[in-house]
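# Observations on the model geometry
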Amino acid sequence: MNWKEVDQGWGDQARVWATVMEPRWWPEFDAVLRASEVGDATDYLDIACGSGLMINMAARRGARPHGVDASDRLLAIAKRRTPDADIRHGDMNALPWDDATFDVVTSCRGIWGPNQQAVHEAARVLRPGGRLGLSFFSATRESSQIGKAFKAIRRISDHEVEQSMRLGQIGLEGRAEEMCEVAGLEAGPRQGVEFELEGADLDHEVRAWMSAGPAWMAIQERGAEEVERSIREELADLEETDYGVRTQVVIEYVVATKPS
Ligand SMILES: C[S@@+](CC[C@H](N)C(=O)[O-])C[C@H]1O[C@@H](n2cnc3c(N)ncnc32)[C@H](O)[C@@H]1O
């Protein structure tokens, strides 16, 4: 898909993504911001920033925040949340900033497995000594239940089977580190953060997943009703009386430094 078409999927449910899905990932954002040392006066860029919660959290830590995403409708919410941030509509494979602009660049589940060009671009806009924080789904940790939601979408969408096999590669042992090294960065040790995605009930959970890009693809193929039914069935056993639907997630991340 051309980056200019990304908004068709990711933007369609932008308000639901921003309010129902995105806030549940705050432990990942917090871990990556800390590990890449985003703080007072850091010139900071988030790639594939979506509706911009990460940018807002960086601004609250004192950073000078910037963001880029391909979805206009997600970006409209990001701009509303953090009006002073420099937030641009653009392609992660051709970032609209000059070389050596930032102290820290991050991307949380924004840069995926085969996309070496996006890591090259992240390295290009970093200053010498600057850091790239890259997070992704663990491909190896068995405690993660996130595969259930993807399975629900994959089992009814041929497109998603192919896509997710390709994109998930970044989580494989050593793969993200290799992508950083190929781009001239020195990758630090892989770290992880575990948390539970919290849904009030199955309706809430289904609503959250229906707002994500992969669901949109499946909806085009099979219709919303079938996708909803599949997600509901697959996640039903994660619902706990008094605690709602809780999905254990394992995120891994790497912080890579640009040599001085
Ligand atoms: C899984 S979401 C992650 C969003 C955000 N980092 C978060 O954690 O909430 C993937 C994001 O990548 C964006 N995206 C997809 N292709 C892109 C491209 N070529 N350039 C910039 N953004 C892109 C989508 O619009 C979407 O916001």
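Here is a short report on the structure shown in this document. Computed from a predicted structure; not experimentally measured.

### Re the nonpolar core
Ranked by internal contacts, the top residues of the largest apolar core, which has 46 residues, are Trp25, Tyr44, Ile146, Trp209, Ile231 and Val249. Residues within four places of Ile231 in sequence aside, it is in contact with Ala152, Ile153, Val206, Trp209 and Met210. One finds Ile47, Ala176, Leu185 and Val254 within the second-largest nonpolar core, a separate group that totals 26 residues.

### A few points about helix α9 (residues 175-182)
Taken together, the buried positions of α9 are Ala176, Glu177, Met179 and Cys180. One side of α9 holds all its buried residues, which, seen down the axis, span an arc of 160°. Against the buried residues of α9 lie α6 (116-125), β5 (126-137), β6 (186-187) and β9 (244-257). Taken from the residues just after α9, Gly184 is the one with a positive phi, measuring 85°.

### A closer look at the site of the ligand
As a structural note, the neighbourhood of the ligand is formed by 17 residues, with Ala48, Asp69, Asp91, Met92 and Arg109 the closest of them. Contacts to the ligand include Asp69, whose side-chain N or O atom sits 2.6 Å from an oxygen atom. The side chain of Arg109 places a nitrogen or oxygen atom 2.8 Å from an oxygen atom of the ligand. Compared with its free state, where it exposes 600 Å², the ligand has 92% of that area covered by protein.

### Let's talk about unusual backbone geometry
With a phi close to 65°, Ala41 is a non-glycine residue in the positive phi region. Of note in the backbone geometry, Ala100 takes a positive phi value of approximately 55° without being a glycine. Secondary-structure assignment places Ala100 in the loop between β3 (86-89) and β4 (102-108). Residue Ala100 is classed as partly exposed on the basis of its relative accessible area of 35%.

### What about the packing of α6 against α9?
Interhelical geometry of α6 versus α9 gives an angle of 55° and a closest axis separation of 9 Å. Relative to α9, the element α6 is oriented oblique. You can see that α6 and α9 cross each other, and the crossing is right-handed. In contact with Gln116, Val119 and His120 of α6, α9 contributes Met179, Cys180 and Val182. A breakdown of the residues in the contact of α6 with α9 according to their chemical character gives four nonpolar, two polar and no charged.

Thresholds, definitions, all that
Residues numbered from 1 in each chain as written. Predicted model: local features only at pLDDT ≥ 70, side-chain atom pairs only at ≥ 80, totals over all residues. Heavy atoms only, no water. Core = buried A, V, L, I, M, F, W, Y, C linked by side-chain atoms within 4.5 Å. Buried < 20%, exposed > 50% of the residue type's maximum accessible area, 1.4 Å probe, protein only. Contact = heavy atoms within 4.5 Å. Helix = DSSP H or I, 4+ residues; strand = E, 2+ residues; numbered from the N terminus. Arc of directions from axis to C-beta. Near = heavy atom within 4 Å. Polar contact = N/O pair within 3.5 Å; in protein donor to acceptor, adjacent residues only side chain to side chain. Areas by Shrake-Rupley, 256 points an atom, 1.4 Å probe, with all protein chains shown as cover. Axes fitted to C-alpha atoms, helices over the stretch in contact; angles between N-to-C directions. Parallel < 35°, antiparallel > 145°, perpendicular 65-115°, else oblique. Left-handed = near helix turned anticlockwise from the far one by under 90°. Nonpolar A, V, L, I, M, F, W, Y, C, P; charged D, E, K, R; others polar.

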